Amino acid sequence: MAFSSNRTDSDELQEQHEINVTPFIDVMLVLLIIFMVAAPLATVTVPVKLPAVAAPTQPKSDDPTYLTLQQDLTLILGEGDKINQQNLAQALKQHGIETQQQILIRADSKVEYGQFMALMNQLTKAGYSQVALVGLEHESDVTQ
């Protein structure tokens, strides 16, 4: 409840029937900032520790297909579909991924090079030629 400071003939203060919206706007701005910070963090649900790269970043395609190779050599397609590495070509075709579609590989930094190259060879033999690697964008993380 607010009061007017204008003096009238009577000594009584008059009530103003208006809502003070300033605290409401402050709360809404804080919530907007929280959502803006939290939204990019919720894009990938499969945990994997990526190695860092020093190459310049490439533009992303509209609808990329992610293939995640975890530390225990488990393959995950997209947001959580586990697939068998022996049946990789069949699993990709069952999910509707064409050979000309780009596949982005996210491999854990603890995966051995030989295991990673075996996955790359399987994709090449299956006819997938547009394969890209995903890594951290900060070069300072390479030394860790």
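Residues numbered from 1 in each chain as written. Predicted model: local features only at pLDDT ≥ 70, side-chain atom pairs only at ≥ 80, totals over all residues. Heavy atoms only, no water.

1. Digging into the sheet that holds strand β3 (residues 65-69)
(1) Moving on: Taken in spatial order, the 5 strands make up an open sheet running β5-β4-β3-β6-β7, and their pairing is mixed. Taken across any chain shown, the strands that pair with only one partner, and hence form the sheet edges, are β5 (81-83) and β7 (131-133). Across the sheet, the axes of successive neighbouring strands diverge by a mean angle of 30°, strand direction being ignored.
(2) Moving on: Sheet topology note: the strand β4 (residues 75-77)/β5 ladder contains 3 bridges and is antiparallel. Following the sheet pairing, L77 is matched in β5 by D81.
(3) Moving on: Each of β3, β4, β6 (103-107) and β7 is contacted by helix α3 (residues 113-125), which is oriented at about 165° to β6, the strand it contacts most. (Pairing = 2+ DSSP bridges. Helix = DSSP H or I, 4+ residues; strand = E, 2+ residues; numbered from the N terminus. Axes fitted to C-alpha atoms, helices over the stretch in contact; angles between N-to-C directions. Contact = heavy atoms within 4.5 Å.)

2. Overview of the pairing of β3
(1) Moving on: Extensive coverage of β3 is indicated by the burial of 4 of its 5 residues.
(2) Moving on: In the sheet, β3 pairs with β6 via 5 bridges, with the strands oriented parallel. Following the sheet pairing, T68 is matched in β6 by R106.
(3) Moving on: Pairing of β3 with β4 involves 3 bridges; the strand directions are antiparallel. When the sheet's bridge partners are listed, T68 is paired in β4 with I76.
(4) Moving on: Here β3 folds back onto β4, and the loop between the two strands holds 5 residues, one of which, L73, carries a positive phi near 65°. (Buried < 20%, exposed > 50% of the residue type's maximum accessible area, 1.4 Å probe, protein only.)

3. Quick notes on the confidence of the model for the protein chain
(1) Moving on: Looking at the protein chain, pLDDT values average 78 and 78% of them are 70 or higher.
(2) Moving on: The element-level mean pLDDT for the protein chain is lowest in strand β1 (residues 2-3), coming to 54, with helix α1 (residues 22-38) highest at 92. (pLDDT = per-residue confidence, 0-100.)

4. Quick notes on the side chain of D108
(1) Moving on: Looking at the secondary structure, you find D108 in the loop between β6 and α3.
(2) Moving on: One buried charge, D108, has no salt-bridge partner; the nearest side chain with opposite charge is K110, at 6.6 Å.
(3) Moving on: Here K110 takes part through its backbone nitrogen, which lies 2.9 Å from a polar atom of the side chain of D108.
(4) Moving on: If we skip the residues at most four places from it in the chain, D108 touches V48, K49, L69, Q70 and Q71. (Lys, Arg positive; Asp, Glu negative; His and termini not counted. Salt bridge = Lys/Arg side-chain N within 4 Å of Asp/Glu carboxyl O. Polar contact = N/O pair within 3.5 Å; in protein donor to acceptor, adjacent residues only side chain to side chain.)

5. Some points on α3
(1) Moving on: Helix length check: α3 (13 residues) gives 18 Å between terminal C-alpha atoms against 18 Å at 1.5 Å per residue, within 8%.
(2) Moving on: Listed in full, the buried residues belonging to α3 are F116, L119 and L123. Taken down its axis, α3 places every buried residue within 60° of arc, on the same side. Residues Y113, T124 and K125 are exposed on α3 and point more than 90 degrees away from its buried face.
(3) Moving on: Lining the buried residues of α3 we find β3, β4, α2 (88-94), β6 and β7.
(4) Moving on: Residue G127 follows α3 closely and has a positive phi angle near 100°. (Expected span 1.5 Å × (residues − 1). Arc of directions from axis to C-beta.)

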